[in-house]
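An overview of the molecular structure
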Amino acid sequence: MAWADWIRTVEIEPSLYAADFARLGAQVEALLDAGVRVFHFDVGDGHFVEPITIGPIVLQAVAPLVHARGGAVDCHLMVDNPLRHFPQIAQAGGDSVTFHYEVVADVSATIAAARGHGLQAGVAFNPDTEPEDVAAVAGGADVVLCMSIHPGYSGQEFMPDALGRIARTRAALPEGVHVQVDGGIGEQNVRAVREAGAALLVAGNAIFGHPDPGRAYRSLVDAVA
């Protein structure tokens, strides 16, 4: 399976970092019932980003639930040394892995290493990085993730200049590379993010901060449509 099989024009990706971990399995099942195809899974190492977030043990518990329903788990590595995490992510059931442009010396080689573990590959970049610099070396990726917040903590507000950076990212990439956006996405801006050129929209608090995450997900799907 690959991104071409997962994307239905546009995908809202619930960010499991924002989930209620006391009810994680139930929330994942409810979102699958609501129509979710792809879940976003944030890994933070306490170095590249300050918080230590979730890792392979949690992924190993979640991935079978998602795979049993035909879904995928998209893993965002907010880490200093992504290469050392690829084997664990693959073994735990991750389907796609996205590493940060800012921490690797050779983007193409890192993409190839991810593919060597049977993973789809994405390249993320921070708000202070120029989209064109990333696009120049990320043409072989499946996904390019334009951060609309500074990575690390869930619940931050969408950065006003992000729409312009999303549009620049889309314009600089080959057509077959999907643009993903992560940070501060909700009903008030999801349509604008889509219109700027993103096909993959990561939402955390907008989904899991709602009493009914499945209903919140459907509201975002309706808003982007």
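Scroll up to find the structure.
Quick caveat: nothing in here was measured; it's all calculated off a predicted structure.

Our focus in this paragraph is the sheet that holds strand S1 (residues 11-14). Across the sheet, eight strands lie side by side as S1-S8-S7-S6-S5-S4-S3-S2; this open sheet has parallel pairing. A single partner strand is all that each edge strand has here, and the edge strands are S1 and strand S2 (38-44). Each strand axis lies, on average, 25° off the axis of its neighbour in the sheet, ignoring direction. In this sheet, strand S8 (residues 200-203) lies alongside S1 in parallel orientation, the contact comprising four bridges. Within the sheet, the bridge partner assigned to Glu-13 lies in S8 and is Val-202. Contacting S2 and strand S3 (72-78), helix H3 (residues 56-68) runs over the sheet at an angle of about 155° to S3.

Tracing the backbone through its elements, the reader meets Asn-189 in the loop between strand S7 (178-182) and helix H8 (190-196). A relative accessible area of 9% places Asn-189 in the buried class. At 2.9 Å, the side chain of Asn-189 forms a polar contact with the backbone nitrogen of Gly-186. In contact with Asn-189, other than residues within four places in its own chain, are Phe-158 and Gly-184.

Below, the discussion takes up the packing of aromatic side chains. Scanning the model with the defined rule gives one aromatic pair in all. When the ring of Trp-3 is compared with that of Trp-6, the centres are 4.8 Å apart and the planes differ by 75°; the resulting orientation is edge-to-face. Here Trp-3 pairs with Trp-6, and both are found in helix H1 (residues 3-6), just three residues apart, close to one helical turn. The class for Trp-3 is buried, based on a relative accessible area of 1%. Judged by relative accessible area, which is 2%, Trp-6 ranks as buried.

This part covers helix H5 (residues 107-116). Within H5 the residues assigned to the buried category are Val-107, Thr-110, Ile-111 and Ala-114. Buried residues of H5, seen end-on, are gathered within an arc of 105° and therefore sit on one face of the element. A distance of 3.2 Å separates the backbone nitrogen of Ser-108 from a side-chain oxygen at the start of H5, and that oxygen is part of Asp-106. Looking one or two residues beyond H5, the residue adopting positive phi is Gly-118, at roughly 80°.

What follows is about the pattern of salt bridges. Evaluation of the coordinates by the stated rule reveals nine salt bridges. Arg-168 is paired through a salt bridge with Glu-130; the nearest N and O atoms lie 2.6 Å apart. On the criterion of sequence distance, the pair formed by Arg-168 in helix H7 (residues 162-172) and Glu-130 in the loop between strand S5 (120-125) and helix H6 (131-135) is long-range, its members being 38 residues apart. Using a relative accessible area of 32% as the deciding quantity, one classes Arg-168 as partly exposed. Glu-130 gets classed as partly exposed once you look at its relative accessible area, which sits at 40%. What emerges from the salt-bridge pattern is a single network uniting Glu-29, Asp-33 and Arg-69.

The rules behind these values
- Residues numbered from 1 in each chain as written.
- Predicted model: local features only at pLDDT ≥ 70, side-chain atom pairs only at ≥ 80, totals over all residues.
- Heavy atoms only, no water.
- Pairing = 2+ DSSP bridges.
- Helix = DSSP H or I, 4+ residues; strand = E, 2+ residues; numbered from the N terminus.
- Axes fitted to C-alpha atoms, helices over the stretch in contact; angles between N-to-C directions.
- Contact = heavy atoms within 4.5 Å.
- Buried < 20%, exposed > 50% of the residue type's maximum accessible area, 1.4 Å probe, protein only.
- Polar contact = N/O pair within 3.5 Å; in protein donor to acceptor, adjacent residues only side chain to side chain.
- Phe/Tyr/Trp six-rings, centres within 6.5 Å; stacked < 30°, edge-to-face > 60°.
- Arc of directions from axis to C-beta.
- Salt bridge = Lys/Arg side-chain N within 4 Å of Asp/Glu carboxyl O.

Any functional reading would require information beyond the geometric quantities listed.
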